[in-house]
Amino acid sequence: MSSNAPTPATTAAAAAKPPTRPLRSSGTDKGNPWTYIPLVLLAVTFVLPLLFMISSSFKPRDQILADLTSWRAFLPVGDLSLDNYAGVFDRVPVGQFFWVSTVVTVSIVVLGLIVNSMAGFALARLNFRGRGVLLGIIIATLIVPFETFAIPMVYLVSNLPRVVLHSDGFALRMGWANSYEVLIIPFIANAFSIFLFTQYYRSIPKELDEAARVDGAGWFRIYRSVISPLAGPAFATSAILTFLPQWNSYLWPLLVIQQENMRPVQVGMRYFFASATAEGTPWGQIMAYTSLITIPVILVFLMFQRAFISSIASSGVKG
Amino acid sequence: MNRRTIGVVAMAAALAVAGSACSSQDRDGWDGTGPVPITLWTHSAGNEGEMEVISQIIDDYNASTDAYEVVRQDFPQDAYNTSVQGAAASNDLPCILDVDGPIMPNWAWNGWLVPSGLTESDVANFLPSTVGRYNDEIYTVGYWDATTVMFSRRSVLEGLDIRIPTVEQPWTASEFDDALRRIQDSGQFDHAVDWGPSDQSEWYTYAFSPLLQSFGGDLVDRNTYASADGVLNSPESLAFAEWFQNQFDSGLAPRSNAQDRTEFRNERVAIQYSGNWGYLQNYTEFGDDLLVLPPPDFGDGPKVGVGSWQYGLTRTCTDRQREGALEYLRFSMQDRYIAQFSDVTSLIPATTTAAELTTSGYYGPGEPLEFLTPMSEQFGLVRPVTPAYPVISQVFQQQFQNLVAGEDPEQVLDQSVREIDADINAARYNR
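Every chain begins its residue count from 1, and numbering advances along the sequence as written. Labels follow written order: the first chain is A, the first ligand is 1, and so on. Owing to the predicted nature of the model, reporting of local features is limited to residues with pLDDT of at least 70; listing and counting of side-chain atom pairs is limited to 80 or more, with chain, interface and lining totals taken over all residues. Only hydrogens and water are removed before side-chain values are computed, so all heavy atoms of the structure are retained for them.

### Observations regarding helix α15 (residues 389-405) of chain B
Residues and elements named next belong to chain B. In a regular helix each residue adds 1.5 Å, so 17 residues correspond to 24 Å; α15 covers 24 Å between its end C-alpha atoms and thus fits that length. Note on exposure labels: buried denotes an accessible area under 20% of the residue type's maximum, exposed denotes more than 50%, and partly exposed covers the range between, all computed with a 1.4 Å probe on protein chains only. The way it works is that DSSP assigns letters per residue, a run of H or I at least four long becomes a helix, a run of E at least two long becomes a strand, and they are numbered from the N terminus. If you check which residues of α15 are buried, you get Y389, I392, S393, V395, F396, Q397, Q399, F400, L403 and V404. Any two residues having at least one pair of non-hydrogen atoms within 4.5 Å are treated as being in contact. For α15, the elements touching its buried residues are α7 (203-214), α8 (235-249) and α16 (409-427). Under the convention used throughout, the expected extent of a helix is 1.5 Å for every residue step, that is, one less than its residue count.

The following block contains the structure:
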């Protein structure tokens, strides 16, 4: 095969049009203030808490409380400093919490995209018995609150073996507590992501598969080289919708993590609510900490927002 | 040998190696050399003052012995109980555990905590409410106690010609009602008293059940702990519920408050019902004008909430750890450490001899909080010593939030009784 010969995948992909539908045309609504006024009001409603959080993170506690009754609460005015940020780093090991949350969240997102997209592909493209029932069961798990099976899951993971590496070899230990495994593995498979991928893959013409099969591609090749490249918005949406709850994960780490060096950022928030201090609740530090842990969320959303909106518009799935 | 056989042999070899690695360390993490490690959990992460004292005790203890080494793990208070429940489920509890006093019977009943081995002579000098007893055995001991008090200001009460109550002569119910009315009518404040109704934690049970008990009611039958019927819905309890609801309906008290209870310091209320942990903040604001008052006597004597965080041993301790853990507990119960805890928290030192060692100016002879020690001894009533307490507390909190919101008092009490009795019967705590 020559180097520039078309592969089955490229042939099939070339035959396809991206299945995304065009977003609503701006057309005649452009310049109509009645369209923009409610949108601006809505945007302001969502932005105000962020402004309050960021502005307050630079103010001393007393000024935050004094500003609460005026618009000054949302503005970076008054006695501004970085003291709250310094206080945050004094009070909690922020870097360590960030590291744990980043490793866990990125691992879950990346592994989740692989596993869930493959599951979605199988459910959307492969013909096997009980496919509909299987998808129904997966969707049904969405209505079961995590809190109801959290403790049984603790029992389960505490009885699983784990290989622990030492400088002089490795050992087999029982129980996953205080490990990255316990924070990552239970959350890789995600019913909502599987459903999202299934829906999205169904919207891609099946003729692509047939063309690829004629060219000799197997199912994995079709998944990897034909269908997945066309499912960018689904991947982006799944990434965002997986990232958010994992970054905000709180209950599960409380149950399975006892060591401080394995705690994620949301558990760190509770360090600021210790009682019996003359200074009272350190609101300035709390705002500084929440600002710090919100930045990654905003960055991820900004990175993927275009594809996110495109996916929602085309698959009819809302998070 | 085919590939499958090779795989099986390799796996078996790996497991054998792993097994030998496992066996080099015992369940308590001791590898046979050096001191035996003893893990201790605290609820004080983020509380600089408490952590400082705990660290010092541990450092001093570890320096005093070659046999044991106490290793600390810190948890933030709000997250602590959930972490313990998770660790209990996975059998990862530490050897020494920090526990909130009223929860102790539940953790003991679950088998998470075991009798500590402390004797009566070990705790002879301690305030009764700082010693956790269950089934006639000492499970836990605490370095301090907290109690409910009323904060007000001398200038306000004297300005309105309201008598300043004392432990010897607290306000009577009618005196207290009259004082509230007089404050409200003065127009100087938005409300007369802040009861802290927005607190979603255990505050409702801790703070309001003593008022209920002062009316003659209670949360549960303390003779049997088998039912709340006839107690929580008794005429006395109903009288309290109606009186309490009226506080909000009549505008004497706000239905909500700031998380930091700032209303009192901002002079929007004249009286704040709080724990003595609020002293530091309030004193910073008002200085010597601040009054710390006992609660009123609503007929059955004044009652205050007592019982706070304590330390005990868990089922996870191995035999050799148990010995060291008990030794550590005794070591940590020295007056000098108890005094240091009080200095950094403003809470009541667990022993009167420690109170004399405090340097913060709260509990020494003639100092402003000195009266809290005898007051908590005289008026303190521990929360029901039953494994059912977590559910009792949760039900009480939820139902009394409904009461504050305006629900019928009789209905609130009857519903509380139904839910508490349902739990007691289902869990069979008494069998």
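Still more ground to cover, so stick around.
### Describing the pairing of strand β10 (residues 269-275) of chain B
Residue and element names in this part refer to chain B. Most of β10 is tucked away: 7 of the 7 residues are buried. With 4 bridges joining them, strand β8 (residues 148-153) and β10 adopt antiparallel strand pairing. The residue of β10 that forms the bridge with T148 is G275. Bridge count for strand β9 (residues 191-194) against β10 is 3 bridges, and the pairing is parallel. Note that in β10 the partner of H191 across the bridge is V269. In this analysis, strands are considered paired if DSSP registers two or more bridges between them.

### Description of the interface of chain B and chain A
In this complex, chain B contributes 32 residues to the contact, which on the side of chain A involves 33 residues. Interface area, chain B with chain A, both sides summed: about 2,700 Å², of which 58% is carbon and sulfur. Salt bridges are counted wherever a side-chain nitrogen of Lys or Arg sits within 4 Å of a carboxyl oxygen of Asp or Glu. Our count for the chain B to chain A interface comes out at 2 salt bridges. As a salt-bridge pair, D260(B) and R61(A) come within 2.3 Å of each other at their nearest N and O atoms. As used in this structure description, the phrase polar contact means that two N or O atoms lie within 3.5 Å; if the pair is within protein, one of them must be able to donate a hydrogen and the other to accept it, and residues adjacent in sequence are counted only when both atoms belong to side chains. Where chain B meets chain A, there are 7 residue pairs in polar contact (both at pLDDT 80 or more). Those elements giving two or more residues to the side of chain B that touches chain A turn out to be α1 (3-23), β2 (68-74), α3 (77-89), α10 (279-286) and α12 (335-345) of chain B. A 1.4 Å probe defines the accessible area here, and the buried area is the portion of it lost by two parts on being joined, summed over both.

### Let's talk about the environment of R131(A)
Residue and element names in this part refer to chain A. Position of R131 relative to the elements: it lies in helix α6 (residues 131-140). Residue R131 is classed as partly exposed on the basis of its relative accessible area, which comes to 22%. Every residue in contact with R131, bar those within four places of it in the chain, is listed here: A122, L123, A124, R125 and L126. In terms of polar contacts, R131 uses its side chain to reach the backbone carbonyl oxygen of L126, at 2.8 Å.

### Brief notes about the pairing of strand β2 (residues 169-174) of chain A
Residue and element names in this part refer to chain A. One ladder, built from 6 bridges, connects strand β1 (residues 161-166) with β2; its direction is antiparallel. Within β2, the residue paired with P161 across the bridge is M174. In sequence, β1 turns back onto β2 through a hairpin of 2 residues.

### A closer look at the state of the cysteines
All names here are of chain B. Count a disulfide wherever a pair of cysteine sulfur atoms falls within 2.5 Å. Scanning all chains against the criterion turns up 1 disulfide over all chains. Paired by a disulfide, C95 and C317 hold their sulfur atoms 2.0 Å apart. Given an S-S torsion of about 105 degrees, the disulfide between C95 and C317 has right-handed geometry. A residue pair is termed long-range when its members are at least 10 positions apart, and C95 in the loop between α3 and β3 (96-100) and C317 in the loop between β13 (309-314) and α11 (319-332) qualify at 222 residues. Comparing C95 with C317 shows no difference in burial state: the two are buried.

### Considering the domain arrangement of chain A
All names here are of chain A. For every domain, the bounds stem from an assignment made automatically or drawn from a database. Domain annotation for chain A reports domain 1 (27-81) and domain 2 (95-315). Measuring from the centre of the C-alpha atoms in domain 1 to the corresponding centre in domain 2 gives 32 Å. Across the contact, 10 residues belong to domain 1 and 11 residues belong to domain 2. If you look at where domain 1 meets domain 2, you find 0 salt bridges. For the pair domain 1 and domain 2, the interface holds 1 residue pair in polar contact (both at pLDDT 80 or more). Elements represented by at least two residues in the side of domain 1 that touches domain 2 include exactly α2 (33-56) and α3 (61-67). No other element matches the 5 residues that α2 contributes to the side of domain 1 that touches domain 2.

### Details of the packing of α15(B) against α16(B)
All names here are of chain B. Fitted lines through C-alpha atoms serve as axes, helices being fitted only where they are in contact, and the angles separating the N-to-C directions of these axes extend from 0 to 180 degrees. One way to put it is that α15 packs onto α16 with a least axis distance of 9 Å and a crossing angle of 160 degrees. Taken together, α15 and α16 sit at an angle that is classed as roughly antiparallel. The interaxial crossing formed by α15 with α16 has right-handed handedness. Contacts between α15 and α16 pair V391, I392, V395, Q399, F400 and L403 from the former with P409, V412, L413, Q415, S416, E419, I420 and D423 from the latter. Gly falls in the polar group here, along with every residue not listed as nonpolar (Ala, Val, Leu, Ile, Met, Phe, Trp, Tyr, Cys, Pro) or charged (Asp, Glu, Lys, Arg). Tallied by class, the residues present in the contact of α15 with α16 amount to 9 nonpolar, 3 polar and 2 charged. Note on terminology: angles under 35 degrees are roughly parallel, angles over 145 are roughly antiparallel, angles of 65 to 115 are roughly perpendicular, and the others are oblique. Helix crossings are classified by the rotation of the near helix relative to the far one: an anticlockwise turn of less than a right angle makes the crossing left-handed, while a clockwise turn makes it right-handed.

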